[in-house]
Amino acid sequence: LHLHCPIHFELALPAVCLRRSTPLIVVNATLHQRAVPSFVERLEARWFGELFRNAIRYWYTPNDIFKSWLTAGGVPEERVVVTGDLRFDGLKALGAKTPEFAGVLQFLSDLRQPIIVAGSVNAIDEEGPVIDGWLALRRKYPGARLIMAPRHVNNVENMGTLYAYLERKGVNFVRRSEGVGRLPEAEALVVDVFGELPYYYSIAAVAYIGRNHGVLEPLRFRVPT
């Protein structure tokens, strides 16, 4: 495993962690192609490569495919945990809101109803089940709202498929680009503009993350994800 890392790590790191009983954790773990940059590193891997395997307590990986690669490479299965994508680079402070957008968030918060936010969804094969699950939830909480923020809002075909699915299910929805006029009567909001998704997470009761996207954006607000 030592030679499967794209960035070289000194063997002193796992050695001192083992000596001090300090667990290492790999975030966004996957198994890269094996590479042997030098003869010395080949010897290091042969003699001391097990230091990494023994020192790393958990491998947090984005999906089941990466988990299968890691276990096939020799990582103990009980140490591999599928968490989703844990990206830290998007956790910036939220900027100022326009008065109109602040009013949208305030209106939704004042409803005191469950708000389900589906962010960075890619296609109808995951958008459809989210919509169906929200409709099932509405049988218990009729006022529950759905906010769906597709990843590719400029993809006319994908957006059209989403709108057709909502219409087929009888959902009264509004597009964010239409403004706020129809928002009070709408059951669902489709965010077809850029830059607003983190704000919706901040008022969500539950969040759903599209495949291969970061789960920390809603988790920073302590939203079940």
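Everything numeric in this text was worked out from a predicted model, so none of it was measured.

### Remarks on the packing of aromatic side chains
Consideration 1: For the structure shown, the criterion picks out 6 aromatic pairs.
Consideration 2: Ring centres 6.1 Å apart and planes at 10 degrees place the aromatic pair Tyr58 and Tyr60 in the stacked group.
Consideration 3: Ring geometry for Phe101 against Tyr199: centres 5.3 Å apart, planes inclined by 80 degrees, an arrangement best described as edge-to-face. On the criterion of sequence distance, the pair formed by Phe101 in helix α5 (residues 99-110) and Tyr199 in helix α8 (residues 197-201) is long-range, its members being 98 residues apart. One exposure class covers both Phe101 and Tyr199, and it is buried.
Consideration 4: Linked through ring pairs, Phe101, Tyr199 and Tyr200 together constitute an aromatic cluster.
Consideration 5: Directly above the aromatic system of Tyr163 lies the positively charged group of Arg175, at a separation of 4.0 Å from the ring centroid.

### A closer look at the pattern of salt bridges
Consideration 1: One pass over the full model with this rule turns up 11 salt bridges.
Consideration 2: As a salt-bridge pair, Arg175 and Glu178 come within 3.2 Å of each other at their nearest N and O atoms.
Consideration 3: Residue classification places Glu178 among the partly exposed residues on the basis of a relative accessible area of 39%.
Consideration 4: Salt bridges sharing common partners tie together Arg175, Glu178, Arg182 and Glu185.

### Quick look at the side chain of Glu126
Consideration 1: Structurally, the position occupied by Glu126 is in helix α6 (residues 124-138).
Consideration 2: Within the buried set, Glu126 has no salt-bridge partner at all; the shortest N-O distance to an opposite charge, 4.1 Å, is to Arg211.
Consideration 3: Of the polar contacts made by the side chain of Glu126, one reaches the backbone nitrogen of Arg211; its length is 3.3 Å.
Consideration 4: If near-sequence neighbours (up to four positions away) are discounted, Glu126 is found in contact with Ser120, Val121, Tyr208, Gly210 and Arg211.

### Things to note about α5
Consideration 1: With 12 residues, α5 extends 16 Å from end C-alpha to end C-alpha; this agrees with the ideal 16 Å at 1.5 Å per step.
Consideration 2: Three or more residues of α5 are buried, namely Phe101, Val104, Leu105 and Leu108. Looking straight down α5, one finds that the buried residues subtend no more than 90 degrees of arc, so they occupy a single side.
Consideration 3: In this structure, the buried residues of α5 make contact with β4 (115-121), β5 (145-150) and α8.
Consideration 4: Residue Arg112 follows α5 closely and has a positive phi angle near 55 degrees.

Definitions and cut-offs
- Residues numbered from 1 in each chain as written.
- Predicted model: local features only at pLDDT ≥ 70, side-chain atom pairs only at ≥ 80, totals over all residues.
- Heavy atoms only, no water.
- Phe/Tyr/Trp six-rings, centres within 6.5 Å; stacked < 30°, edge-to-face > 60°.
- Helix = DSSP H or I, 4+ residues; strand = E, 2+ residues; numbered from the N terminus.
- Buried < 20%, exposed > 50% of the residue type's maximum accessible area, 1.4 Å probe, protein only.
- Lys NZ or Arg CZ within 6 Å of the ring centre and 35° of its normal.
- Salt bridge = Lys/Arg side-chain N within 4 Å of Asp/Glu carboxyl O.
- Lys, Arg positive; Asp, Glu negative; His and termini not counted.
- Polar contact = N/O pair within 3.5 Å; in protein donor to acceptor, adjacent residues only side chain to side chain.
- Contact = heavy atoms within 4.5 Å.
- Expected span 1.5 Å × (residues − 1).
- Arc of directions from axis to C-beta.

What is shown is where atoms sit, not what they do.
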